[in-house]
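# Coordinate inspection notes
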Amino acid sequence: MENETTVEDFLLLGFSTNPNIHLLLFFVFLILYLLTMLGNLLIIITVKGDSSLHSPMYYFLSNMSFVDLCYPSVTTPNMLVNFLTNRKNISYNGCMSQIFFFHFFSCVEVFILTVMAFDRYVAICKPLHYTTIMNKRVCNLLIFACWVGGVVHSTAQVLSMMTLPFCGPYEIDHFFCDIPPLLTLACTDTFVIGALIISNSGLISVVCFLILIISYTLILLAVRRRSAEGKRKALSTCGAHLTVVTTFFGPCVFIYLRPATTLPLDKLVSVFYAVITPLLNPMIYTLRNAEVKIAMKKLVSRRISAGHKLAP
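## Re the overall build of the protein chain
- If you tally the helices and strands in the protein chain, you get 11 helices and three strands.
- Listing the helices and strands of the protein chain from first to last along the sequence gives β-α-α-α-β-α-α-α-β-α-α-α-α-α.
- Rg of the C-alpha trace for the protein chain: 22 Å, near the compact-globule value of 20 Å for 312 residues, within the 12% margin.
- With the C-alpha coordinates of the protein chain rotated into their principal frame, the extents come out at 70 × 55 × 30 Å.
- Buried positions account for 51% of the 312 residues belonging to the protein chain.
- Sequence-distant contacts in the protein chain: of pairs separated by 6 or more residues, those separated by 24 or more amount to 80%.
- Within the structure as shown, the protein chain displays about 15800 Å² of accessible surface, and the carbon and sulfur contribution to it stands at 69%.
- Of the charged side chains in the protein chain, 22 are positive and 15 negative; the average position of the first set lies 23 Å away from that of the second.

What follows is the structure, given as structure tokens:
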């Protein structure tokens, strides 16, 4: 076993050592981050400000948009700072905090996506009982369960990592602190810890994935008996949701549901689900959802009218 010392900080190797590339990446990721903030804030404001969107589906959507505000904020600001500095250190406590909140918000998003699939199942397969089943109390309890589940999951992940001794050099071959690259720095056998972490993430992913598959299978069977317009509306809503599920679950499965090893493709895949997916979600839901687009146009019109009234 290598000499174990107290870890004060880690060095994030990031993407490249070329400062010119760093400057280019800084502006690219800054623009992506600002667009993500703007898009998700717009959905939250639209859902809150339009009474026609005060339904369970849009309540869950606004919660997911809030998660998509927080999720990239765990890693992107620190990454942007590192692009402009020579020393890309992160403290041990900062690293553990980043792991906690990153897995917390990602787990909450997985649960909300699952709840949204259940909501669509009830709306399409049991329309007469929808308002009774998906009442305000049930919706609040489901969202509360999503957040509590995220805390439990991320706490287990971080506690597992905090039990590991680390040996130098303390260089993380990534642009943020995450479990797979950090496991490679441990100066002990990580097989058991890695198995527990995979089991934790795997159980959540498998259960949620099964619920999603069952929900959409039942939905597809139900819409066969609908009119052409009914099929179009149901499939449009579900299609947007399935697109989000695919873009989020695919990269997460690639990173976390395999033995604890690091691959050259990991950084690119991590960029996709940590930075790109939170940006795509509001675009997918607005482009494929007529109600949201109409509500946004009404919101913009009201703002313009209010501005004209205030003008001298």
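## Focus on the sheet that holds strand β2 (residues 89–91)
- Ordered by their spatial adjacency, three strands build an open sheet running β2-β1-β3, and the pairing between neighbours is mixed. Either end of the sheet is taken by a strand with one partner, and the two such strands are β2 and β3 (171–172).

## Concerning helix α2 (residues 56–73)
- Its 18 residues give α2 an end-to-end C-alpha distance of 26 Å, which sits within 8% of 26 Å, the value for a rise of 1.5 Å per residue.
- Where burial is concerned, most of α2 is hidden: 15 out of the 18 residues are buried.

## Notes on the side chain of His153
- Of note, His153 is situated in helix α6 (residues 136–162).
- If we skip the residues at most four places from it in the chain, His153 touches His103, Cys107, Asn200, Ser201 and Ile204.

## Details of the state of the cysteines
- The final tally for this structure, using the stated rule, is two disulfides.
- Cys95 shares a disulfide with Cys177; S-S distance 2.1 Å. Note on the Cys95 and Cys177 pair: the S-S dihedral is about -115°, so by sign convention the disulfide is left-handed. With Cys95 in helix α4 (residues 92–125) and Cys177 in the loop between β3 and α7 (179–183), the pair connects residues that are 82 residues apart, well separated along the chain. Residue Cys95 shares its accessibility class with Cys177, and that shared class is buried.
- Between the sulfur atoms of Cys167 and its disulfide mate Cys187 the distance is 2.1 Å. Note on the Cys167 and Cys187 pair: the S-S dihedral is about 90°, so by sign convention the disulfide is right-handed. A residue pair is termed long-range when its members are at least 10 positions apart, and Cys167 in the loop between α6 and β3 and Cys187 in the loop between α7 and α8 (191–223) qualify at 20 residues. Take Cys167 and Cys187: they sit in the same class, and that class is buried.
- Within the protein chain, bonded cysteines paired by disulfides and numbered along the sequence follow the pattern 1-3, 2-4.
- Cys70 takes part in no disulfide bond, and the closest cysteine sulfur, belonging to Cys146, lies 14 Å away.

## Focus: the pattern of salt bridges
- Within the structure shown, the criterion is met by two salt bridges.
- Salt-bridge contacts for Arg120 lead to Asp119; the nearest nitrogen and oxygen are separated by 2.8 Å.
- Overall, Arg120 belongs to the buried group, its relative accessible area being 13%.
- A salt bridge links Asp173 to Lys267, with the shortest nitrogen-to-oxygen separation between them at 2.8 Å. Of the two residues, Asp173 is situated in the loop between β3 and α7 and Lys267 in helix α10 (residues 266–287); the sequence distance between them amounts to 94 residues.
- Looking at Lys267, the relative accessible area reads 18%, which means it is buried.

Thresholds, definitions, all that
Residues numbered from 1 in each chain as written. Predicted model: local features only at pLDDT ≥ 70, side-chain atom pairs only at ≥ 80, totals over all residues. Heavy atoms only, no water. Helix = DSSP H or I, 4+ residues; strand = E, 2+ residues; numbered from the N terminus. Rg over C-alpha atoms; globule rule 2.2 N^0.38 Å. Buried < 20%, exposed > 50% of the residue type's maximum accessible area, 1.4 Å probe, protein only. Contact = heavy atoms within 4.5 Å. Areas by Shrake-Rupley, 256 points an atom, 1.4 Å probe, with all protein chains shown as cover. Lys, Arg positive; Asp, Glu negative; His and termini not counted. Charge placed at Lys NZ, Arg CZ, Asp CG, Glu CD. Pairing = 2+ DSSP bridges. Expected span 1.5 Å × (residues − 1). Disulfide = S-S within 2.5 Å. Salt bridge = Lys/Arg side-chain N within 4 Å of Asp/Glu carboxyl O.

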